[in-house]
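# Summary of structural features
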Amino acid sequence: DLISCIVEQQIHYRSTKKIFAKALERAGIEHLTIDNFHLFEQHALSQIKLATGKYETMMSLIEYWSHNTLDFNQPSDEEVMVALSSIKGIGKWTIDMILL
């Protein structure tokens, strides 16, 4: 969901849902995870023309997730905000979308 939110930033909602769905299909995955992100990166990201900042935010997210674990079913909204805002490129809009 976080990667989807990053892709969707500043792009019309309907367009991004289709772009993200096609990217997952190209990568041959149904749900994006830290374990299959390499497939997404290899087979899909090269086909999507993303801004450098979005790509860098995705890499920051992967780096964060590689060293931290957070069960998003248990923390408070404030804990989620603190955790996500520590990731370079993740801002209020993205955090609000995840909390919804």
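Shown above is the structure to which this text applies.
All of these numbers come straight from a predicted model, not from anything done at the bench.

### Focus on helix 4 (residues 52–67)
- Counted at 1.5 Å a residue, the expected span for helix 4 with its 16 residues is 22 Å, and the 23 Å between its end C-alpha atoms agrees.
- K54, T57, M58, L61, I62 and Y64 are the residues of helix 4 that are buried. For helix 4, the arc enclosing every buried residue in end-on projection is 160°, short of the 170-degree limit, so these residues lie on one face. Structural note: helix 4 exposes T52 and H67 on the side pointing more than 90 degrees away from its buried face.

### Points about the nonpolar core
- Counting 24 residues, the largest nonpolar core has I3, F37, F40, M58 and L84 as the members making the most contacts within it.
- Counting only elements with at least two residues in this core, the list comes to helix 1 (2–8), helix 2 (13–27), helix 3 (37–43), helix 4 and helix 5 (77–85).
- Contacts of M58, omitting those with residues within four sequence positions, involve I3, I6, V7, F37, L45 and L50.

### So, the environment of S85
- Along the chain, S85 falls in helix 5.
- Each C-alpha atom, one on S85 and one on E25, is 30 Å from the other, the two residues being 60 residues apart in sequence.
- Excluding anything up to four places from it in sequence, S85 contacts I90 and I95.
- A polar contact of 3.2 Å, which involves the side chain of S85, links it to the backbone oxygen of V82.

Definitions and cut-offs
- Residues numbered from 1 in each chain as written.
- Predicted model: local features only at pLDDT ≥ 70, side-chain atom pairs only at ≥ 80, totals over all residues.
- Heavy atoms only, no water.
- Helix = DSSP H or I, 4+ residues; strand = E, 2+ residues; numbered from the N terminus.
- Expected span 1.5 Å × (residues − 1).
- Buried < 20%, exposed > 50% of the residue type's maximum accessible area, 1.4 Å probe, protein only.
- Arc of directions from axis to C-beta.
- Core = buried A, V, L, I, M, F, W, Y, C linked by side-chain atoms within 4.5 Å.
- Contact = heavy atoms within 4.5 Å.
- Polar contact = N/O pair within 3.5 Å; in protein donor to acceptor, adjacent residues only side chain to side chain.

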